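Descriptive structure summary
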Amino acid sequence: MIMQTDGVLHTMESQDAGRAMLDFIAELYPICRSITGEGVRETLRMIQKRIPLHIHEVSSGTTVFDWTVPLEWNVTDAYIKNAAGVRVVDFKANNLHVMSYSSPVKQRMTLEDLSPHLFSLPDYPEWIPYRTSYYQENWGFCLSHKNRELLKNGEYEVVIDSTLRPGSLTYGESFLPGESSDEVLVSCHICHPSMCNDNLSGIAVAVWLAQALAVRQRRYSYRFLFIPGTIGSITWLARNEGTVSRIQHGLVLTGVGDAGKVTYKRSRRGHAEIDRVMAKVLKDSGEPHAIIDFFPYGYDERQYCSPGFDLAVGCFMRTPHSEYPEYHSSGDNLNFVKADSLVRSFARCLEAFELLEHNRTYLNLNSKCEPQLGRRGLYRAVAGHQEKQSKELALLWVLNASDGRHTLLDIAERADLPFRRIQTAAEALVEAGLLQDTRKTQGEPIKEAAS
Ligand code: ZN
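Residues numbered from 1 in each chain as written. Predicted model: local features only at pLDDT ≥ 70, side-chain atom pairs only at ≥ 80, totals over all residues. Heavy atoms only, no water.

**Details of helix 9 (residues 339-358)**
Worth spelling out the cut-off: A helix here means a DSSP run of H or I that spans at least four residues, while a strand means a run of E at least two residues long, and both kinds are numbered starting from the N terminus. For a helix, the expected span equals 1.5 Å multiplied by the number of residues minus one. Each residue gets one of three labels from its accessible area relative to the maximum for its type: buried under 20%, exposed over 50%, partly exposed in between, using a 1.4 Å probe on protein chains only.
With 20 residues, helix 9 extends 29 Å between its outermost C-alpha atoms, agreeing within 8% with the 28 Å of an ideal straight helix rising 1.5 Å per residue. Of all 20 residues making up helix 9, 15 are buried, and the element is well covered by its neighbours.

**As for the coordination of the zinc ion**
Four donors placed tetrahedrally about a metal ideally form angles of 109.5 degrees, and six donors placed octahedrally ideally form angles of 90 or 180 degrees. As a reminder of what qualifies: Counted as donors are N, O and S atoms no farther than 2.8 Å from the metal, or 3.2 Å for Na, K and Ca; water is not among the atoms, and sites may therefore look incomplete.
Within the protein, the zinc ion binds to His192 (NE2), Asp198 (OD) and His328 (NE2); these donor distances fall in the range 2.0 Å. Positions of the donor residues of the zinc ion along the chain correspond to the pattern H-x5-D-x129-H. Across this residue pair, the class does not change: histidine 192 and aspartate 198 are buried.

**Here's the deal with the state of the cysteines**
Heads up, the condition is: We call a pair of cysteine sulfur atoms a disulfide whenever their separation is within 2.5 Å.
The full count for this structure, using the stated rule, is zero disulfides. The thiol sulfur of cysteine 188 is not disulfide-bonded, and the nearest other cysteine sulfur, from cysteine 191, lies at 10.0 Å. Judged by its relative accessible area of 1%, cysteine 188 falls in the buried class.

**A look at the pattern of salt bridges**
Selection criterion: The rule for a salt bridge is simple: a side-chain nitrogen of Lys or Arg has to be within 4 Å of a carboxyl oxygen of Asp or Glu.
Overall, the coordinates contain 28 salt bridges when judged by the stated rule. Between arginine 344 and glutamate 287 there is a salt bridge, with the nearest N and O atoms lying 2.7 Å from each other. Of this pair, arginine 344 sits in helix 9 while glutamate 287 sits in the loop between helix 7 (273-285) and strand 17 (289-292); the two residues are 57 residues apart in sequence, bridging distant segments of the chain. Given the relative accessible area of 29%, arginine 344 is considered partly exposed. The class for glutamate 287 is buried, based on a relative accessible area of 17%. Bridged by salt links that share partners, the residues Glu287, Asp340, Arg344, Arg348 and Glu351 form one connected network.

**Section: the confidence of the model for the chain**
Condition: For every residue, the predictor states its confidence as a pLDDT score lying anywhere from 0 to 100. In what follows, residue pairs with any heavy atoms lying within 4.5 Å of each other are defined as contacts.
Put simply, the chain has an average pLDDT of 94, and 93% of its residues get 70 or more. The low-confidence segment residues 1-8, where pLDDT is below 50, has 24 contacts with residues more than four positions distant or belonging to other chains.

**Describing the environment of glutamate 241**
The topology assignment puts glutamate 241 in the loop between helix 6 (231-239) and strand 15 (247-253). A relative accessible area of 47% means that glutamate 241 is categorised as partly exposed. Put simply, glutamate 241 and phenylalanine 309 are 68 residues apart on the chain and 8.8 Å apart in space, counted from C-alpha to C-alpha. Contacts of glutamate 241, omitting those with residues within four sequence positions, involve Phe65 and Phe309.

**Topic: the nonpolar core**
Inclusion rule: Residues grouped as a nonpolar core are buried Ala, Val, Leu, Ile, Met, Phe, Trp, Tyr and Cys residues, joined through side-chain atoms within 4.5 Å.
The biggest cluster of nonpolar side chains holds 79 residues, and the ones touching the most others in it are Ile203, Phe224 and Phe226. Per-element tally for this core: the top contributor is helix 5 (residues 196-214), with twelve residues. Here phenylalanine 226 is in contact with Leu44, Ile47, Ile51, Leu53, Tyr171, Gly172, Cys188, Ile190, Ile203, Ala206 and Val207, once residues within four sequence places are set aside. Grouped together as the second largest cluster of nonpolar side chains are 50 residues, Met109, Leu143, Leu151 and Ile160 included.

**Some details on the side chain of arginine 276**
Stated precisely, the cut-off is as follows: In protein, a polar contact means a hydrogen-donor-capable atom and an acceptor-capable atom, both N or O and within 3.5 Å, with residues adjacent in sequence counting only if both atoms are side-chain atoms; elsewhere, any N or O pair within 3.5 Å suffices.
Relative to the helices and strands, arginine 276 is located in helix 7. For arginine 276, a relative accessible area of 18% corresponds to the buried category. Here aspartate 410 takes part through its side chain, which lies 2.6 Å from a polar atom of the side chain of arginine 276. In this structure arginine 276 touches His271, Leu409, Asp410 and Glu413, once residues within four positions along its chain are discounted.

**Side note on the sheet that holds strand 20 (residues 403-407)**
Test applied: One requirement defines pairing of two strands: DSSP has to find at least two bridges between them. Fitted lines through C-alpha atoms serve as axes, helices being fitted only where they are in contact, and the angles separating the N-to-C directions of these axes extend from 0 to 180 degrees.
Here we have three strands laid out as an open sheet, ordered 20-19-21, and antiparallel in their pairing. Each having just a single partner strand, strand 20 and strand 21 (435-437) make up the two edges of the open sheet. Each strand axis lies, on average, 35 degrees off the axis of its neighbour in the sheet, ignoring direction. Bridge analysis of strand 19 (residues 361-364) against strand 21 gives three bridges, and the strand direction is antiparallel. Looking across to strand 21, one finds that tyrosine 362 is bridged to aspartate 437. The strands touched by helix 12 (residues 408-415) within the sheet are strand 19 and strand 20, with strand 20 carrying the most contacts at an inclination of about 70 degrees.

**Structural notes on the environment of threonine 68**
Considering the arrangement of structural elements, one finds threonine 68 in strand 5 (residues 67-68). Under the relative-accessibility criterion, threonine 68 is labelled partly exposed at 42%. Among residues more than four places away in sequence, those in contact with threonine 68 are Gly61, Thr62 and Ile231.

**A short note on the packing of aromatic side chains**
Our working rule: A pair of aromatic rings is counted whenever rings of Phe, Tyr or Trp (Trp by its six-membered ring) have centres within 6.5 Å, and the orientation is called stacked for planes under 30 degrees apart, edge-to-face for over 60 and tilted otherwise. Distance and angle both matter: a charge sits over a ring if NZ of Lys or CZ of Arg is within 6 Å of the ring centre and within 35 degrees of the ring normal.
Summed over all chains, the structure comprises eleven aromatic pairs. Ring plane angle 45 degrees and centroid distance 6.1 Å describe the contact between phenylalanine 24 and tryptophan 208, whose orientation is recorded as tilted. One end of the pair, phenylalanine 24, is in helix 1 (residues 11-28); the other, tryptophan 208, is in helix 5, with 184 residues separating them in the sequence. On the basis of relative accessible area, phenylalanine 24 is assigned to the buried category, the value being 0%. Taking the centre distance of 5.5 Å and the plane angle of 80 degrees together, the rings of tryptophan 67 and tyrosine 135 count as edge-to-face. Taken as a pair, tryptophan 67 in strand 5 and tyrosine 135 in the loop between strand 9 (118-119) and strand 10 (141-142) lie far apart in primary sequence, 68 residues in all. What makes tryptophan 67 partly exposed here is its relative accessible area of 32%. Counting every residue linked through ring pairs, the aromatic cluster contains Trp67, Trp73, Tyr101, Tyr134 and Tyr135. Sitting over the ring of phenylalanine 24, arginine 50 keeps its end group 4.2 Å from the ring centre.

And the structure:
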């Protein structure tokens, strides 16, 4: 478990967490996942060993808004054998070799006839590309360009032992109740075969966040979704339309393990609390990062931020998918994701949730001129060492801006001070009887969360 002290990770614990996340990614890596099928179920069962998870099955053919839950796809074997009977392309060596949702095939054909069904990357001749054909019946093989160039003219035996049958779409949901029914959504996709940054990194960080939040006092309820991309979020939204308005804040987690800097993509609203929180957390972290505006392409934020829902859901990632060549290829492997990046992604998300939890509005109970802080031991209580001045400044900012209309985030932004410093100042002022949570003044009972 990662401990945080003023946003700084304890090195030993963060190294352990990073290695453990990488180990979990390595366990999930060999599984052949797609948008439906046994690979998704196996993945969810492995997540279920770590966090409480409700696994849902939605029948093929179910209408979900403008879409239909597809047939279930499973594959047991696929290969291309040359005239000598040698497997020159073998699904068992790497599951990326078969195009996802390939229909079954068993025939002999010439290289010329086979070629339109082969996909390779001439610019990256060592990597196997990742291809899918979910909504149009087709079949294909993906192979490294280097391997492709070794194929000689002649006859090949082509086999894809797959099934496309009525079954179901499977997704997992983990719910952590809080003091309030207002929810924070964390969503990640689970539909890619052997790729690490694209899908497995998001899964690992989401699992670690669910574990960390489970043992904390929670003002918000937290909902974690492990879903196939696009069709999964559409299906979930269709089945939960009546309660979606409980979601106050959310993050889609994707590509959170590469060595690049953090990129936060704002929600469609652009200035939602989660957008401001993430910007503050990233600024306070002192790490290089980028904040980009919403655009209707990318991951499941496209569905959560569709105009009929317009949820305050942003996308937390490191290098955007279009900006690294390993994307959607065998180059996105166990070497491409880093323990340190996973841990830092985890820490930033947890800090964002901590900020949301503590972003309250207070009322200064001594608002006519400044109260005498020295007499109450406040300067000493929170200062004393270095940065004394900014700690005093934090106290003065909280007192001055706490007129019942400004949240602690408003104050931290305006003062340009780290949120933790503003939060600590507010806690000290409450302790000294100079500040009161506005929920108290409005008569709302403050319950202790059962967690
Ligand atoms: Zn992808």
